[in-house]
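# Secondary and tertiary structure notes
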Amino acid sequence: MHNTTSDTPIYRNWVSLKLVIVPGVLALGTAVLTAFYSWIMIFPVIFLLMMLYFVYARHLFSPEGKDMQAELHFMLIEEIEWNGKGKALDIGCGNGALAIRLSKKYPEAQVTGIEYRRFSEAICKQNAEIEGVSDRVSFKEGSIVELPFEDDEFDLVVSNLTFHEVIELRDRRELMEEAFRVLRHGGVFVFQDLFLTKKMFGNLDPMLKKLSSWGAKSVEFINLGESERIPSILRTPFMVGTIGIIKGKV
């Protein structure tokens, strides 16, 4: 049964409005200042170009553009090697888009989405109802630094562009160790994030070795930063140019 107020799911855009508004305000503010200080003329131009870039990037991530939000989800899902039977967890589920897509892909699975910020369970449930999977997906608010689940509870754990946003941990790699804790022996993980951003995750080889020391097996890294499925204008270091997938088993 569809929600009575809308037949269209409400999913977040990964490119937030803040990225558009802030440079826009700075462009306006510095433009006013040029009346007094002509030497800062370059700054409103720079801020305006930044604003226009993020406006276009936001459009590309939206369903009205290239729907890159969905495309990145599909790129993650394509790397899952799982029979679809059991329990799956989406860490950082937002408004439920990836969790819902997993439910559609694996009709025999029970999917849980957990979100630690800006969470609306009502919107997640509404989206799941509209998409016809409300009986197979649930949502929970809680910490992803200390997941509120038992050891070995899930058969699949995924995460999409969430780990890099967590500032509570000095070493973001520990988020993956915590994800391994809730995976049963033989369970599958697929994480997609800005793993080639060294200031967030360090060098790639030491990171992969660290994951192996935490019990990960068959660890594989897939560099998506140069994928032609991602428009070239988005393959920049400050957008998704450092994106990749880490997958394996525990």
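Structure: see above.
Residues numbered from 1 in each chain as written. Predicted model: local features only at pLDDT ≥ 70, side-chain atom pairs only at ≥ 80, totals over all residues. Heavy atoms only, no water.

## Comments concerning the overall build of the protein
Using the following cut-off: Helix numbers and strand numbers start at the N terminus; a helix is a DSSP run of H or I with at least 4 residues, a strand a run of E with at least 2. Burial status follows relative accessibility: with a 1.4 Å probe on protein chains alone, a residue under 20% of its type maximum counts as buried, one over 50% as exposed, and anything between as partly exposed. By definition in these notes, contact holds between two residues if any of their heavy atoms fall within 4.5 Å. Accessible areas in this description were obtained via Shrake-Rupley with a 1.4 Å probe; residue shielding takes into account the shown protein chains only. Within this scheme the basic residues Lys and Arg register as positive and the acidic residues Asp and Glu register as negative, but His and the chain ends are omitted. Lys charges are placed at NZ, Arg charges at CZ, Asp charges at CG and Glu charges at CD.
Within the protein, the secondary structure is distributed over 8 helices and 7 strands. Taken over the C-alpha atoms alone, the protein extends approximately 65 × 50 × 35 Å along its principal axes. Counting the 250 residues in the protein, one finds 50% classified as buried. Taking contacts inside the protein between residues at least 6 apart in sequence as the whole, the part at least 24 apart equals 76%. Accessible surface, the protein: about 12700 Å² in total, of which carbon and sulfur atoms supply 55%. Within the protein, one finds 28 positive and 32 negative side-chain charges whose respective centroids are separated by 4 Å.

## Considerations on the sheet that holds strand β1 (residues 86-91)
Our working rule: In short, DSSP must find at least two bridges between two strands for them to pair. Note on geometry: axes are lines fitted to C-alpha atoms, helical ones only across the stretch in contact, with angles between N-to-C directions running from 0 to 180 degrees.
Pairing in this open sheet of 7 strands is mixed, and the strands run β3-β2-β1-β4-β5-β7-β6 from one edge to the other. Of all strands in the sheet, those bounded by a partner on one side alone are β3 (137-141) and β6 (217-223). Each adjacent strand pair in this sheet contributes to an overall mean axis angle of 15°, direction not counted. In this structure, strand β4 (residues 154-160) lies alongside strand β5 (residues 183-193), joined through 6 bridges in parallel fashion.

## Some details on the pairing of strand β7 (residues 244-249)
When you tally the buried positions in β7, you get 5 out of 6 residues, the bulk of the element. Bridge analysis of β5 against β7 gives 6 bridges, and the strand direction is antiparallel. In the sheet register, Phe-191 faces β7, and the bridge partner there is Ile-246.

## Some points on the pattern of salt bridges
Two side chains bearing opposite charge may form a pair once their charged atoms approach each other closely. Spelled out, the test is: Here a salt bridge means any side-chain nitrogen of Lys or Arg lying within 4 Å of a carboxyl oxygen belonging to Asp or Glu.
Within the structure shown, the criterion is met by 13 salt bridges. Between Glu-78 and Arg-229 there is a salt bridge, and its shortest N-O distance comes to 2.9 Å. Taken together, the positions of Glu-78 in the loop between α3 (68-77) and β1 and Arg-229 in the loop between β6 and β7 put the pair 151 residues apart, joining distant regions of the chain. On the basis of relative accessible area, Arg-229 is assigned to the partly exposed category, the value being 35%.

## Remarks on the environment of Ser-120
Note the threshold: Nitrogen and oxygen atoms within 3.5 Å of one another constitute a polar contact, given that in protein one can donate a hydrogen and the other can accept it, and given that sequence-neighbouring residues count only through two side-chain atoms.
Note that Ser-120 resides in the loop between β2 (109-115) and α5 (121-130). Taking the C-alpha atoms as reference, Ser-120 lies 24 Å from Glu-153; in sequence the two are 33 residues apart. In this structure the side chain of Ser-120 is engaged in a polar contact, spanning 3.2 Å, whose partner is the backbone nitrogen of Ile-123.

## Notes on the packing of α3 against helix α4 (residues 97-105)
The criterion, for reference: Working definition: roughly parallel below 35 degrees, roughly antiparallel above 145 degrees, roughly perpendicular at 65 to 115 degrees, and oblique for all remaining angles. For any helix crossing, the convention is left-handed if the near helix is rotated counterclockwise from the far helix by under a right angle, and right-handed if that rotation is clockwise. When residue character is reported, Ala, Val, Leu, Ile, Met, Phe, Trp, Tyr, Cys and Pro are called nonpolar, Asp, Glu, Lys and Arg charged, and the others, Gly included, polar.
Packing of α3 against α4 brings their axes to within 10 Å, and their N-to-C directions diverge by 50°. Taken together, the axis directions place α3 and α4 in an arrangement best described as oblique. Helix-helix and strand crossings are classified by hand; for α3 and α4 the assignment is right-handed. Contacts from Ala-70, His-73, Phe-74, Leu-76 and Ile-77 of α3 reach α4 at Ala-97, Leu-98, Arg-101, Leu-102 and Lys-105. Here the residues of the contact of α3 with α4 are counted per class, giving 7 nonpolar, 1 polar and 2 charged.

In short, geometric facts, not functional conclusions.
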